[in-house]
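# Residue-level structural notes
So you can see what is in the structure, the chains are spelled out below.
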Amino acid sequence: MKPFWLAVLFAVALVGPAAALELDGPVVQGALRVGTVAPGTSVTVNDKPVRVDAQSGRFVFGIGRDQAQPVRVATKAPDGTAQVFTFAVARRDYDIERIDGLPARKVSPLKTDVERIYREGRMISAARARDTDLVHVLSGFRWPMTGRISGRYGNQRILNGKPRRPHLGIDIAAPQGSPVAASADGVVSLAETDLFYTGGTIVLDHGHGVTTIYSHLASIGVSEGQMVRVGEEIGTVGFTGRSTGPHLDWRINWFDLRLDPELIAGPMPTGG
């Protein structure tokens with residue numbers, strides 16, 4: 001399957017005066033959109049209040065992998081004027097990826113692993129749930145490294161012959177120990193060396209509910225609460241957790257929605 005960003009067309013159904021709300025691109029499954037309204041305007045997305053930057057009037061929202069219903073954005077200006085904008089969601093097709101050779105325990109965990117898996121899942125969920133006023137998300141994202149893309153967002157996965165949930169990140173295969181960089185400025189909200197599924201794992205908070213996750217790391221070079229800059233090395237490639245070889249699993253989230261890094265960062269730079 002060709003990267004979806006090659007074929008995306010900006011096709012939206014808009015209700016209301018266009019000048020009152022601007023979006024930076026297409027409303028498509030897996031995308032992260034930046035909207036702009038007049039400063040001081042309040043915004044809800046599908047009835048959920050979202051943070052609006054006081055200086056620029058910008059806000060963000062994500063579209064899930066399988067979202068089919070239109071996105072409804074409601075605004076209320078400082079003078080009390082209320083408007084509703086409805087955006088049709090462009091749907092995507094996803095491929096099937098087969099991965100064999102995983103340790104059986106990583107595909108079908110033992111009962112004794114379940115409590116640990118739930119505990120670690122809650123840790124990651126808490127890191128993704130942060131809604132800070134950091135504005136780094138508004139500066140965009142870059143690839144944390146270059147290499148061979150070995151797994152794409154949204155594709156259904158069959159692990160050791162057993163159907164599993166779709167992959168919700170980008171896998172980048174690279175030699176063990178290759179440097180992994182922050183894909184945007186952010187604050188480290190999680191840094192763990194040995195999670196059951198994701199092994200060495202870092203979560204960065206970029207503000208407005210947007211986080212990035214870097215998994216299967218061999219080493220971690222940052223600590224929780226640390227501020228990091230885009231391009232700064234934060235760890236190295238490994239194959240810890242559920243993995244058959246050295247690679248980085250890179251993910252971008254808007255709260256609990258997993259988004260497509262390829263749509264957000266664009267094509268991987270050449271030379272990887």
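Let me begin by describing the structure that accompanies this report. (Residues numbered from 1 in each chain as written. Predicted model: local features only at pLDDT ≥ 70, side-chain atom pairs only at ≥ 80, totals over all residues. Heavy atoms only, no water.)

### Looking at the pairing of strand 6 (residues 71–76)
Heads up, the condition is: Here the rule is simple: two strands pair whenever DSSP picks up at least two bridges between them. Think of it this way: any DSSP run of H or I at least four residues long counts as a helix, any run of E at least two long counts as a strand, and we number them from the N terminus.
As defined by bridge partners, strand 3 (residues 42–45) adjoins strand 6 across 4 bridges and the pair is classed as antiparallel. Within strand 6, the residue paired with Ser42 across the bridge is Lys76. Alignment of strand 6 against strand 7 (residues 82–87), held across 6 bridges, turns out to be antiparallel. Residue Lys76 lies in a different strand from strand 7, and its bridge partner there is Ala82. Two successive antiparallel strands, strand 6 and strand 7, enclose a turn made up of 5 residues, where Gly80 displays a positive phi of approximately 95°.

### Side note on the sheet that holds strand 3
Sheet strands pair by backbone hydrogen bonding; their relative direction is either parallel or antiparallel. The test is simple: A fitted line through C-alpha atoms represents every axis, and for helices the fit uses only the stretch in contact; the resulting angles, taken between N-to-C directions, go from 0 to 180 degrees.
Overall, antiparallel pairing links the 4 strands, which are arranged 4-3-6-7 in an open sheet. Because the sheet does not close on itself, it has two edges, and the strands there are strand 4 (48–50) and strand 7. Ignoring strand direction, the axes of neighbouring strands in this sheet form an average angle of 25°.

### Section: the packing of aromatic side chains
Aromatic rings in a pair are described by how distant their centres are and how their planes are angled relative to each other. Defined as follows: Aromatic pairs are defined between Phe, Tyr and Trp rings, using the six-membered ring for Trp, whenever the two ring centres lie within 6.5 Å; interplanar angles under 30 degrees are classed as stacked, those over 60 as edge-to-face, and all others as tilted. Partly exposed residues are those whose accessible area sits between 20% and 50% of the maximum for their type, while under 20% is buried and over 50% is exposed, using a 1.4 Å probe and protein chains only.
Tallied over the entire structure, the rule returns 4 aromatic pairs. Measuring from centroid to centroid gives 5.4 Å for Trp143 and Trp250, while their planes differ by 55°, and the two rings are tilted. Here Trp143 is found in the loop between helix 2 (111–128) and strand 9 (148–151), whereas its partner Trp250 is found in strand 19 (residues 247–254), with 107 residues between them in sequence. Among the residues examined, Trp143 registers a relative accessible area of 6% and is labelled buried.

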